[in-house]
Amino acid sequence: MGSVRAHRYSIVSSDEDGMKLATIAMPNGYGNGNAGGKVHTQHQAQSRFVSKDGHCNVQFVNMNEKGQRYMADIFTTCVDIRWRWMVLIFCLSFLLSWLFFGLVFWLVALSYGDLERGEQLCVSNVDSFTAAFLFSVETQTTIGYGYRYVTEDCPIAVFMVVFQSIVGCIIDAFIIGAVMAKMAKPKKRNETLIFSYYATIAMRDNKLCLMWRVGNLRKSHLVEAHVRAQLLKSRTTAEGEFIPLDQLDIDVGFDSGIDRIFLVSPITIIHEIDEDSPLYEMSRQELETSDFEIVVILEGMVEATAMTTQCRSSYLANEILWGHRFEPVLFEEKSHYKVDYSRFNETYEVPSTPACSAKDLAESKSARSSTNSFCYENEVALMEEKAEEMEEEEKEQEEAIEGAKGIGSANIELQDTNMDAGATDSLPDQDTVPLDARPLTRRESEI
């Protein structure tokens with residue numbers, strides 16, 4: 001009966017079978033003995049979808065009518081096959097055509113009796129199969145030694161010479177065209193386009209970014225060069241369907257045009273880990289235990305042939321160094337710039353890189369900014385309240401002073417009034433006070 005699928009839409013027998021990875025252990029999480037001078041924890045190897053040299057690790061099985069479909073596009077098939085098979089097809093196409101037309105000329109000579117008599121009627125000096133084969137080679141390659149030739153007395157031989165010449169031109173055009181297309185194939189240009197072995201995650205302009213490096217080993221430029229990246233990761237949908245390799249786009253500046261690069265010296269490609277990034281909620285600890293693959297693609301036109309080429313590579317989770325940056329490779333000399341490719345894959349550790357995810361980092365920054373703004377508003381409000389209270393106190397003091405002055409003046413007036421009244425009361429009334437009798441003095445008596 002076989003294994004039972006976990007869900008009717010699942011393409012594997014169970015989620016465990018779908019998520020199961022290879023159990024081959026690596027020396028550490030980064031695949032080498034000591035990357036950046038730091039020993040990392042042990043991590044299980046993951047099956048790679050795209051190899052480091054750009055080849056896709058995919059095998060096609062159970063293809064119906066594969067041969068017919070490939071033969072229907074025979075030119076592309078000849079261009080895509082290996083050189084050993086192309087050389088074999090090149091040789092066989094000419095040999096088989098020479099043998100075929102040699103057999104035809106031998107049959108014509110046999111039917112007209114040229115093999116038995118001394119003087120040939122159709123093709124002179126063709127009295128055996130070897131002679132017919134040599135005549136076929138001379139006709140198709142237009143060598144024409146002059147010893148063997150067709151006569152005008154045999155129309156079928158004349159027709160076969162014309163037909164072989166046409167078929168020979170078709171074979172030449174097809175085979176030589178396929179060989180030239182294979183030789184000019186821009187795929188070989190990828191041998192001089194390189195990616196860094198590791199990718200890094202570090203802060204760039206106060207933002208957490210994923211970075212990797214690309215380089216061009218030739219002095220000839222790659223016209224209209226641009227980069228793309230995708231994250232491949234298995235997941236299970238809400239309906240229970242298991243998707244082995246779900247492709248998520250990683251933005252490297254397509255909307256702003258930053259993805260288009262001038263690839264003269266090595267350039268570091270930057271992906272800002274924001275809320276639209278598939279790495280937004282991934283921290284350093286989660287990265288060490290995650291199983292995903294980032295496929296990076298560099299496309300452009302070869303300057304010599306104007307043909308488009310595509311260079312690919314990939315980074316597994318254990319090939320992404322958290323808290324590292326690339327060493328500089330471009331140095332300024334007196335009259336030129338120097339690129340040191342020995343430092344192309346070198347990185348150095350940045351201890352100040354936060355270990356939290358970009359989401360947590362953004363939330364902490366927003367909380368900090370909101371707290372600061374809240375405290376500032378409170379301080380402004382308190383200052384305003386204090387200013388109002390001070391104004392009210394000053395007004396109250398002024399009113400108290402004015403009131404005190406009014407009361408003082410009123411008291412002074414009242415005191416003056418009382419004093420006047422007291423003085424008046426102290427004086428006796430002249431009408432009522434009797435005069436004492438006293439004797440007059442001498443002067444008064446004389447007067």
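Please refer to the structure placed before this passage.
Residues numbered from 1 in each chain as written. Predicted model: local features only at pLDDT ≥ 70, side-chain atom pairs only at ≥ 80, totals over all residues. Heavy atoms only, no water.

1. Looking at the packing of aromatic side chains
Part 1 of the argument: All told, the structure shown has 10 aromatic pairs when counted by the stated rule.
Part 2 of the argument: Ring geometry for Phe101 against Phe163: centres 5.9 Å apart, planes inclined by 55°, an arrangement best described as tilted. Remark: Phe163 occurs in helix α6 (residues 155-183) and Phe101 occurs in helix α4 (residues 83-111); sequence separation between them is 62 residues.
Part 3 of the argument: Taking the centre distance of 4.9 Å and the plane angle of 85° together, the rings of Phe105 and Phe135 count as edge-to-face. Of this pair, Phe105 sits in helix α4 while Phe135 sits in helix α5 (residues 129-140), and the two are 30 residues apart along the sequence.
Part 4 of the argument: Every member of this aromatic cluster is reached through a ring pair, and the members are Phe100, Phe101, Phe159 and Phe163.
Part 5 of the argument: Sitting over the ring of Tyr70, Lys66 keeps its end group 5.7 Å from the ring centre.
Part 6 of the argument: Above the plane of the ring of Phe344 lies Arg213, whose end atom (NZ or CZ) is 5.8 Å from the centre. (Phe/Tyr/Trp six-rings, centres within 6.5 Å; stacked < 30°, edge-to-face > 60°. Helix = DSSP H or I, 4+ residues; strand = E, 2+ residues; numbered from the N terminus. Lys NZ or Arg CZ within 6 Å of the ring centre and 35° of its normal.)

2. Concerning the packing of α5 against α6
Part 1 of the argument: Between α5 and α6, the shortest axis-to-axis distance is 9 Å and the interhelical angle comes to 60°. Looking at the two axes, α5 sits oblique to α6. Two packed elements cross with a definite hand, and for α5 against α6 that hand is right-handed. Across from Phe135, Ser136, Thr139 and Gln140 in α5, the residues of α6 making contact are Val161, Gln164, Ser165, Gly168 and Ile171.
Part 2 of the argument: Grouping the amino acids of the contact of α5 with α6 by side-chain chemistry returns 3 nonpolar, 6 polar and no charged. (Axes fitted to C-alpha atoms, helices over the stretch in contact; angles between N-to-C directions. Parallel < 35°, antiparallel > 145°, perpendicular 65-115°, else oblique. Left-handed = near helix turned anticlockwise from the far one by under 90°. Contact = heavy atoms within 4.5 Å. Nonpolar A, V, L, I, M, F, W, Y, C, P; charged D, E, K, R; others polar.)

3. Here we look at α6
Part 1 of the argument: Taking 1.5 Å per residue, 29 residues should reach 42 Å; α6 reaches 42 Å between its end C-alpha atoms and fits that length.
Part 2 of the argument: Along α6, the residues that are buried comprise Ala157, Met160, Val161, Gln164, Gly168, Ile171, Ile175, Ala178, Val179 and Lys182. (Expected span 1.5 Å × (residues − 1). Buried < 20%, exposed > 50% of the residue type's maximum accessible area, 1.4 Å probe, protein only.)

4. Examining the layout of surface pockets
Part 1 of the argument: If you add up the space inside the largest pocket, you get close to 1400 Å³.
Part 2 of the argument: Residue lining of the largest pocket: 34 residues in total, with His55, Asp80, Arg82, Lys185 and Lys187 positioned closest to the centre.
Part 3 of the argument: Contributions of two or more residues to the lining of the largest pocket are made by α2 (66-72), α4, β3 (193-195) and β10 (308-316).
Part 4 of the argument: Sort the elements by how many residues they give to the lining of the largest pocket and β10 lands first, with 6 residues.
Part 5 of the argument: Residues belonging to the lining of the largest pocket are distributed by class as follows: 13 nonpolar, 9 polar and 12 charged. (1 Å grid on protein atoms, 1.4 Å probe; cavity = no way out; pocket = protein on both sides within 12 Å on 5 of 7 lines; lining within 4 Å. Points joined across faces, edges and corners; volume = space filled by probe spheres on them.)

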